[in-house]
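The lines below spell out each chain.
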Amino acid sequence: MALKIYNTLTRSLEEFAPGGVIKENIKDYPPATIYSCGPTVYGFAHIGNFRAFVFNDLLRRYLKFRGFTVNHAMNITDVDDKTINKSIEEGVSLKEYTEKYTDIFYQDCKTLNIETVEHNPKATESIDEMINILEKIDKKGMLYKRDDSLYFDISKFSSYGKLSRLDKREIRPGARYDADEYEKNDVRDFALWKAPKEGEPHWDTPFGKGRPGWHIECSAMIRKIFGSTIDIHTGGVDLIFPHHENEIAQSEAAYDEPFVRHWIHVEHLLVNGSKMSKSQGNFYTLRDLLEMGNSPRSIRHLLLTAHYRKQLNFTLEGIKQSDQALARIDNLLLRLEHIKGGKDNPELDTILEKMNRNFIESVDNDLNISGGLGVFFEFVHLINTLISEEKISGEDAAKIIKAIENIDQVFGFIFMEEPSSNVDEERINSLIEERLNAKKEKNFQRADEIRLMLENKGIILEDTKDGTRWKEKR
Ligand SMILES: [Zn+2]
């Protein structure tokens, strides 16, 4: 079995081989060098942003699960058009403004159990590398100065457009664009380095005073950290053009070597079937969703359910379905923890091996996590059946819990910690009693209501011969 991932650059599924040469054993590969475009820290990241960040997390977790070593960087864009405009609007320094939202971003990542990566470079701390790249591009004669800004001459870079597959006719040499973000029908020379406007932060350089364009930042941080061609570059599909196209142009023009081997792009997230927008009232930050009482575990689960190259339709109903999926896993763990003694199941090792193998087979196919989840829930169902048939011993149960912990190194939502629910034991016990009475009176609707109410508060009930047990959700 080999891990294959779709490469946007070649438009094909390719075996993943850190260093670029396929090896027999995964442990013989050098560490996989990965760069993910991080947040622009000008406000709270929204749930669409977090889809991409949770995907980055899945990618690194799965690589490690398969035995690769990862060396992963995700940048913080703390100087660009948006951050500068917002800090001026609020009347605070760029540094003060961006530090606040950088901290908030890291807290949100922690809430969603996104692992810390090996490097978190900041654009403002990589200015020297940017100047270095500018000087190299200048020597090649691929940049020019106009009104104190520096532009990349795309007509001089013959493979410009290879990532986004631009039609050559779309390229209009000589026309320039200043903004960090623009559309495909504005394919023009882009700003590498911008002359500062009144009141904007700037740096002194051999090219005069100025500040970086957005695109040069990522090229510089990648060079600073990794030094040479990297294995994987990730980002949302909206970054393919112009951001990633421009990163390739700058880096390959400066260093005459391939910039990135494998480009991976995550599709958009829709909310209630349409593009998120403040005017449509379907714009959610992570914090909005938590304030509404949704659990971070369920949000993480939901963000992972769709394949990264498919659009994900995010709905509040979807979070409820994720609540239920997680409750099934929690219930199984609760049952397993209570099994003592009994005869070992001779089939168990085979069952565990098969689950693991099928999981890897699914996810190896272009990180098909939906397939992996399917395999896992089939396993949950099977184990539940075996428990009901009393075919699982205490020792078996411990093995099964271990196997679930192992798979959760990839999922990250089963054993993830959640803020404590401040449970009031007395209240829970009285609700359990009320539920019992409702059942006796055959008022099953009320009994179900109570169970769901507790579940939403993070309390799971399990009915046994000896009465009802409860437990906090993990
Ligand atoms: Zn970037």
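Given the structure is predicted, the values throughout are model-derived calculations rather than measurements.

Applying the stated rule across the entire model yields 21 aromatic pairs. Ring plane angle 25° and centroid distance 4.6 Å describe the contact between Phe55 and Tyr308, whose orientation is recorded as stacked. Here Phe55 is found in helix H1 (residues 47-65), whereas its partner Tyr308 is found in the loop between helix H8 (296-305) and strand E14 (312-314), with 253 residues between them in sequence. Just as Phe55 is buried, Tyr308 falls in that class too. Taken together, a centroid distance of 5.8 Å and an interplanar angle of 75° make the contact between Phe376 and Phe377 edge-to-face. Summarising the burial analysis for this pair, Phe376 and Phe377 share the class buried. Through a chain of ring-to-ring contacts, three or more aromatic side chains come together here, namely Tyr62, Phe65, Phe359, Phe376, Phe377, Phe379, Phe411 and Phe413. Positioned above the aromatic ring of Tyr255, the side-chain terminus of Arg223 is 3.5 Å from the ring centre. Directly above the aromatic system of Tyr6 lies the positively charged group of Arg309, at a separation of 3.8 Å from the ring centroid.

Here the focus is the coordination of the zinc ion. Donor atoms from the polypeptide that bind the zinc ion are Cys37 (SG), Cys218 (SG) and His243 (NE2), placed at 2.0 to 2.2 Å. Read from N- to C-terminus, the donor residues coordinating the zinc ion fall into the pattern C-x180-C-x24-H. Of this pair, Cys37 sits in the loop between strand E3 (32-36) and H1 while Cys218 sits in helix H5 (residues 214-226); the two residues are 181 residues apart in sequence, bridging distant segments of the chain. Each of the two residues, Cys37 as well as Cys218, counts as buried.

Attention now moves to empty space enclosed by the protein. A full pass over the atoms with the stated rule returns 3 cavities of 30 Å³ or more. In this structure, the largest cavity occupies an estimated 100 Å³ of space. Lining the largest cavity are 14 residues, with Arg223, Ser228, Ser251, Glu257 and Phe259 sitting closest to its centre. For the lining of the largest cavity, the secondary-structure elements that each account for two or more residues are H5 and helix H6 (240-255). Taken together, the residues that form the lining of the largest cavity break down as 6 nonpolar, 5 polar and 3 charged. When its volume is computed, the second largest cavity comes out at roughly 70 Å³. Lining the second largest cavity, in full, are Arg51, Val54, Phe55, Leu58, Val266, Leu303, Leu304, Ala306, Tyr308, Leu367 and Ile369. Mapped by element, the contributors of at least two residues to the lining of the second largest cavity are H1 and H8. Broken down by element, the residue count for the lining of the second largest cavity peaks at 4 residues, all from H1. Classifying every residue of the lining of the second largest cavity gives 10 nonpolar, no polar and 1 charged.

Here the focus is the pairing of strand E10 (residues 230-236). One face of the sheet, then the other: side chains in a regular strand alternate in exactly this way. Counting buried residues along E10, 7 of its 7 residues qualify, which places the element largely inside the surrounding structure. Relative to E10, E3 is paired through 3 bridges, and the arrangement is parallel. In the strand pairing of E10, Ile34 is matched with Ile232. Two elements, E10 and strand E11 (residues 260-266), share 6 bridges in a ladder whose sense is parallel. In the strand pairing of E11, Gly236 is matched with Val266. A crossover connection joins E10 to the parallel E11 through H6; in handedness this β-α-β unit is right-handed.

Turning to the pattern of salt bridges, a few remarks are in order. All chains considered together, the criterion is met by 31 salt bridges. When the shortest N-O distance is used, the salt bridge between Arg60 and Glu115 registers 2.9 Å. Of the two residues, Arg60 sits in helix H1 while Glu115 sits in the loop between helix H3 (94-111) and helix H4 (127-139), which places them 55 residues apart along the sequence. Owing to a relative accessible area of 3%, Arg60 belongs among the buried residues under this scheme. With relative accessibility at 24%, the residue Glu115 sits in the partly exposed group. Via salt bridges that share partners, Asp57, Arg60, Arg61, Lys64, Glu115, Glu118 and Arg300 belong to a single interconnected network.

Rules and cut-offs
- Residues numbered from 1 in each chain as written.
- Predicted model: local features only at pLDDT ≥ 70, side-chain atom pairs only at ≥ 80, totals over all residues.
- Heavy atoms only, no water.
- Phe/Tyr/Trp six-rings, centres within 6.5 Å; stacked < 30°, edge-to-face > 60°.
- Helix = DSSP H or I, 4+ residues; strand = E, 2+ residues; numbered from the N terminus.
- Buried < 20%, exposed > 50% of the residue type's maximum accessible area, 1.4 Å probe, protein only.
- Lys NZ or Arg CZ within 6 Å of the ring centre and 35° of its normal.
- Donors = N, O, S within 2.8 Å, 3.2 Å for Na, K, Ca; no water.
- 1 Å grid on protein atoms, 1.4 Å probe; cavity = no way out; pocket = protein on both sides within 12 Å on 5 of 7 lines; lining within 4 Å.
- Points joined across faces, edges and corners; volume = space filled by probe spheres on them.
- Nonpolar A, V, L, I, M, F, W, Y, C, P; charged D, E, K, R; others polar.
- Pairing = 2+ DSSP bridges.
- Right-handed = clockwise from strand over helix to strand, strands pointing away.
- Salt bridge = Lys/Arg side-chain N within 4 Å of Asp/Glu carboxyl O.

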